[in-house]
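Listed below are the residues making up each chain.
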Amino acid sequence: MIDFIAQRMIQAVFVMLVVALISFSLFQFVGDPINNMVGQEATEAQREALREQLGLNDPIPIQFVKWVGNAMQGEFGISYRMGKPVDQLIAERLPATLELVFLSAILALAIGVPMGVYTGLNRYSWLSRVFLTISLIGISLPTFLIGIILILTFGVWLGWLPTFGRGGTVDLGGWQTSFLTLQGWSHIIMPAFTLALFQLTLIMRLVRAEMLEVLRTDYIKFARARGLKQRSINFGHALKNTLVPVITIMGLQIGALLAFSIITETVFQWPGMGLLIIQAIQFVDIPIMSSYLVLVALFFVLINLTVDLLYYAVDPRLRIERPGPAH
Amino acid sequence: MTRPGLLLASAALMALTAATADAQDKVFRYSTTGDILGLDPHNNNEGPTNTMKSNIYGRLIHRLPDLSLEPDLATEWERTDDTTWIFTLREGVTFHNGNPFTADDVVYSFERQSQESSDMAFAISSIESVNAIDDYTVEIKTKAPDPTLLLNMPNFYIVDKEFMDENDAFEVIAGAGLQNFANANANGTGPFRIVEWVQDNRVVLEPFEDWWGQDERTDNIDQAIFTPIGNDATRVAALLSGEIDAMYPVPLQDIPRLEGEPDVTVLQGPELRTIFFGFDHHRDELLDMPGSGENPFKDVRVREAFAHAIDKEGIKRVVMRGAATPTGLMVAPGINGFQEDMNEPYPFDPERAQELLAEAGYPDGFPVTFDCPNDRYVNDEAICTAMVAMLERIGIDVTLNAQTKSLHFNKIRDHDTSFFMLGWTPGSYDAHNPLQNLMTTEAPGSGAWNSGRYSNPEVEELSVQISQTVDEEARNELIREAFRIHKEDVGHIPLHQQALAWGVRADTVEEVIQRPFNDIDLRYVTLK
């Protein structure tokens, strides 16, 4: 077990370095940040001085090594656009995105799994058909369109929910949370649902397919023969055996939620990481872009590690020690 | 009730009361695409940021919505000789923190704003020195006779010497570097003071009760909240739902829709920015014709052919949906030096264009790459796509290179272009600014954005004279002459001025005065 974790950690460091290198070299092609930082009347001397000050005149490998060296010490540089340390900016924005992703994941699971179980058990009922049709919409419509439709419906026509931004947050020791006020909830619910919809339909379809598969297996027939209650067969035996693929997919999807949150955050003007990165890209704010990509890579690595560990908890077969090399 | 439950309930109650406390006040909420860049008045030379600075900071002279000048911190001024001006300052003015305003602050502000690292140094670059004669009189000496000194004064922001010194904030820190105190904290003499700035989220302002002009206040707001909303559709939705009172720009395709809403009005007017096209006048061989040893753009007939090939009315009607003013000059109406009678665009005449190309020796056209931004001006890429078809009609083989502004500007600043699109608003509201930046290359500090390196000795000479001629009439004649030569040369092809479009809630807002700058001066906002 410890071997396994250590091995994964070493792989993770390697993955992170590769990501850092790729992202860093990509940013050499996004343009010169100087024009965004000075006004149209700035002289060539002013531009050159700023370029020198930012170290943009160094060769690219040297810029990269400097950057990695600083990152190791927790120094991610200072944002070109905002003039603040990047780690401070990310720390300000991260809670908004994490709360959004967390709520979306919960929504996707809490709605998607029961819908999947229901459609798996009652394949031919009309409600199942309705669920499946809805899920088709959820899978095929792009996120920004769903967001705009929700804004139009609940924000403009019905006027129930605010159309943009994050309001009513409460400060919990530096962590701004939306979950403690009604106003906070009214702001987060639409973006969270928008973000969740795709995952929700995916999970529902996955659980349904797995349920159909599992319900045909012998041990379910035996369970029935033993006279167990239908409820205990469905949830205790069938559902539990569908969970391994669901966990895998969900793990990957949490990473995707973080990435997709860029679109959702732009549509809802949600002040999180996604909005930060999209503005950084428009402004060619290289310190933020590099740090963001490395951070997202880190999330993916951590999530995958957690998923691997969860397999152990769910699937007893994996807990048996691996056979020796003689195998 | 359990403890977490109690905590939750009380927090919810607090939030509700906080939300309703200000319900009586007149709160003006407005939005545009991006946040202000910072609060340091001597940095961040960008339209919307400059307007926010002018809400907070006083200047010696303020520019009215019709672009004329009125006294602000200076009550009167006179020129004693060609290079000396005496400004009499307003007495009894205080900064937001209560410090009195005196001549020392003007001298200090000049020293701070004229630093090399200041992005606003251009506005006062002609000034040699600023001296305090007494507490309420300053003498400004210019390096040479400067006819545009007063026009530049609205870009000279006055800060509080004591406040800056206390916080060790003399140095203007541009872009990256150390934390910049002045960029995050503001203390001016303007009609509004900063309550809160949460970056990319909101700027909250309240009226400054001890403002010197309090008795003649033209606004009636108790609080202003500025929120950047990047996504067009979200910004429109926020206006429709009444969560904001005003926003700009309105996307062109949404104008008819918003006009159909009973509670929303759309304000439209021309902007000061002129969009134009430029050619490579410099290289002996066009980048797209390697090995040929030719640069067709060196022939005025080819440039004229291009000018005749562009259907400006068509672009206005189809691409801009009517929201543009086709133009024949490099400056817009309202800019000092604009010539009404010379503003006729080159006529659209593709046959004449083909004849001209044939005369120049290119009856079958030639290949050229067309550099365009795709996220800077209204429908920039769509305009360029339309241009491709128009130019192909006269036989030019155009390759469109439309890309994001940071790449586009970088490319054309390096002169790495044969044919390009650019837009320009003169920072000083004077015709010499585009002459210096776009239409000449020789005088020191000129040609910064003259990407095609257009240079005509006569225009170069005129530009220098214009910068030093104080007599208005003589100066205007020189400007006319320079514009006439540039137009004959087809140095650039001016296309149009884009239209401003602001969406305003009619049920909460009494009046917002729209200025040709694309941003809102809070002085001119009245609520119902």
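Asker: Report on the overall build of chain B, specifying residues and quantitative values.
Answerer: A count of helical and extended segments in chain B gives 16 helices and 19 strands. Its C-alpha atoms give chain B a radius of gyration of 25 Å, near enough to 24 Å, the size a compact globule of 528 residues would have. Here the C-alpha coordinates of chain B stretch approximately 85 × 65 × 40 Å along the principal axes. In chain B, which comprises 528 residues, the proportion classed as buried is 49%.

Asker: Give a description of the overall build of chain A that names residues and reports values.
Answerer: Within chain A, the regular secondary structure consists of 12 helices and two strands. Counted from the first residue to the last, chain A has its helices and strands arranged as α-α-α-α-α-α-α-β-β-α-α-α-α-α. On the principal axes, the C-alpha backbone points of chain A span a range of 85 × 65 × 35 Å. Within the span of chain A, comprising 327 residues, buried residues form 38% of the whole. Sequence-distant contacts, at least 24 apart, represent 71% of the contacts inside chain A between residues at least 6 apart.

Asker: Describe the packing of helix H15 (residues 457-468) of chain B against helix H16 (residues 472-489) of chain B, naming the residues involved and giving the relevant values.
Answerer: Residues and elements named next belong to chain B. Following both chains from N to C, one finds H15 and H16 inclined at 155 degrees, their axes separated by 9 Å at the closest point. Between H15 and H16, the angle is such that the two are roughly antiparallel. Between H15 and H16 lies a crossing whose hand is left-handed. Contact residues: Glu458, Val459, Leu462, Ser463, Gln465 and Ile466 in H15; Arg475, Leu478, Ile479, Glu481, Ala482, Ile485 and His486 in H16. A breakdown of the residues in the contact of H15 with H16 according to their chemical character gives seven nonpolar, three polar and three charged.

Asker: Describe the packing of helix H5 (residues 86-121) of chain A against helix H11 (residues 273-283) of chain A, listing the residues and the values that go with them.
Answerer: Residues and elements named next belong to chain A. The interhelical angle for the contact between H5 and H11, taken along N-to-C directions, is 130 degrees, at an axis separation of 7 Å. Between H5 and H11, the crossing angle belongs to the class labelled oblique. Where H5 abuts H11, its residues Leu89, Ile90, Arg93, Leu94 and Thr97 lie against Met273, Gly274 and Leu276. Classifying every residue of the contact of H5 with H11 gives five nonpolar, two polar and one charged.

Asker: Can you tell me about the confidence of the model for chain B, naming the residues and giving the values?
Answerer: Reading fine detail from the predicted coordinates is not recommended where pLDDT is low. Residues and elements named next belong to chain B. Residues of chain B with pLDDT of at least 70 account for 94%, and the chain-wide mean is 88. Scored below 50 in pLDDT, residues 1-23 makes 16 contacts in the model with residues more than four places away or belonging to other chains. For this predicted complex, the interface score ipTM comes out at 0.76, alongside a pTM of 0.81.

Asker: Can you tell me about the sheet that holds strand E7 (residues 137-142) of chain B, naming the residues and giving the values?
Answerer: Residues and elements named next belong to chain B. As summarised here, the arrangement of the four strands in space is E4-E5-E7-E6, forming an open sheet in which the pairing is antiparallel. A strand with exactly one partner marks an edge of an open sheet, and here the two such strands are strand E4 (74-81) and strand E6 (127-134). Sheet twist, expressed as the average angle between the axes of neighbouring strands with direction ignored, equals 20 degrees. The sheet contact formed by E4 and strand E5 (residues 84-89) spans six bridges and is antiparallel. Residue pairing for E5: Glu78 is matched across the bridge by Ile86. Across the sheet, helix H3 (residues 103-113) is in contact with E5, E6 and E7; its angle to E6 comes to roughly 165 degrees.

Asker: Give me the lowdown on the domain arrangement of chain A, citing residues and values where you can.
Answerer: Residues and elements named next belong to chain A. In terms of domain boundaries, chain A breaks down into domain 1 (2-72) and domain 2 (89-319). Domain 1 and domain 2 are separated by 32 Å when their C-alpha centres are compared. If you look at the interface, domain 1 gives 14 residues, while domain 2 gives 12 residues. Partitioning the side of domain 1 that touches domain 2 into residue classes produces 10 nonpolar, three polar and one charged.

Asker: Go over the domain arrangement of chain B with me, naming the residues and quoting the values.
Answerer: Residue and element names in this part refer to chain B. With domains assigned, chain B is organised as domain 1 (11-245 + 508-527) and domain 2 (274-499). Here the C-alpha centre of domain 2 lies 34 Å away from the C-alpha centre of domain 1. In terms of residue class, the side of domain 1 that touches domain 2 is built from eight nonpolar, three polar and one charged.

Asker: An account of unusual backbone geometry is needed here, citing residue identities and associated values.
Answerer: Residues and elements named next belong to chain B. Cis geometry is found at the peptide bond from Tyr248 to Pro249, where omega equals -10 degrees. Structurally, Pro249 is set in the loop between strand E11 (246-247) and helix H8 (255-259). Even without being glycine, His415 reaches a positive phi, approximately 60 degrees.

Asker: So what about the pairing of strand E15 (residues 397-403) of chain B? Which residues, and what values?
Answerer: Residues and elements named next belong to chain B. Relative to E15, strand E14 (residues 367-373) runs parallel, the two being bridged by seven bridges. Across the sheet, the residue bridging to Val368 is Val398, located in E15. Chirality of the crossover, the property in question, places the unit of E14, helix H12 (residues 380-393) and E15 among those that are right-handed.

Asker: Lay out the nonpolar core with the relevant residues and their values.
Answerer: Residues Ile203 of chain A together with Ile493 of chain B are the most contacted members of the largest nonpolar core, which totals 193 residues. Once residues lying within four places of it in the same chain are set aside, the contact partners of Ile203 of chain A are Ala108, Leu109, Gly112, Val113, Gly116, Val246 and Met250 of chain A.

Asker: Provide a residue-level description of H3 of chain B, including the pertinent values.
Answerer: Residues and elements named next belong to chain B. Residues Asp105, Val106, Tyr108, Ser109, Arg112 and Gln113 constitute the buried set of H3. An end-on view of H3 places all buried positions within 165 degrees of arc, on one side of the element. In this structure, the buried side of H3 is in contact with E6, E7 and helix H5 (161-166).

Asker: Which residues make up the environment of Phe110 of chain B, and what are the values?
Answerer: Residues and elements named next belong to chain B. Among the structural elements, Phe110 can be located in helix H3. C-alpha separation for the pair Phe110 and Ala307, spaced 197 residues apart in sequence, amounts to 44 Å. Setting aside residues no more than four positions away along its own chain, Phe110 makes contact with Ile124, Ile127 and Val130.

Asker: Describe in detail the environment of Met9 of chain A, supporting the description with residues and values.
Answerer: All names here are of chain A. Relative to the helices and strands, Met9 resides in helix H1 (residues 2-26). On the neighbour-count criterion, Met9 (12 C-beta atoms within 10 Å) is exposed. When the C-alpha atoms of Met9 and Leu50 are compared, they prove to be 39 Å apart, with 41 residues separating the residues in sequence.

Asker: Describe H5 of chain A, and please don't skip the residues or the numbers.
Answerer: Taking 1.5 Å per residue, 36 residues should reach 52 Å; H5 of chain A reaches 50 Å between its end C-alpha atoms and fits that length. In H5 of chain A, a bend of some 35 degrees at Arg93 of chain A exceeds every other bend along the element, and Pro95 of chain A, a proline, comes one to four places later.

Asker: Could you give an account of the environment of Ala12 of chain A, naming the residues involved and the relevant values?
Answerer: Within the secondary structure layout, Ala12 of chain A lies in helix H1. Along the chain, Ala12 of chain A and Leu302 of chain A lie 290 residues apart, while their C-alpha atoms are 8.5 Å from each other.

Quick notes on the rules
Residues numbered from 1 in each chain as written. Chains lettered and ligands numbered in written order. Predicted model: local features only at pLDDT ≥ 70, side-chain atom pairs only at ≥ 80, totals over all residues. Helix = DSSP H or I, 4+ residues; strand = E, 2+ residues; numbered from the N terminus. Rg over C-alpha atoms; globule rule 2.2 N^0.38 Å. Buried ≥ 20, exposed ≤ 12 C-beta atoms within 10 Å, placed from the backbone. Contact = placed C-beta atoms within 7 Å. Axes fitted to C-alpha atoms, helices over the stretch in contact; angles between N-to-C directions. Parallel < 35°, antiparallel > 145°, perpendicular 65-115°, else oblique. Left-handed = near helix turned anticlockwise from the far one by under 90°. Nonpolar A, V, L, I, M, F, W, Y, C, P; charged D, E, K, R; others polar. pLDDT = per-residue confidence, 0-100. Pairing = 2+ DSSP bridges. Domains from an automatic or database assignment. Right-handed = clockwise from strand over helix to strand, strands pointing away. Core = buried A, V, L, I, M, F, W, Y, C linked by C-beta atoms within 7 Å. Arc of directions from axis to C-beta. Expected span 1.5 Å × (residues − 1). Bend = angle between axes of the 7 residues up to and from the residue.

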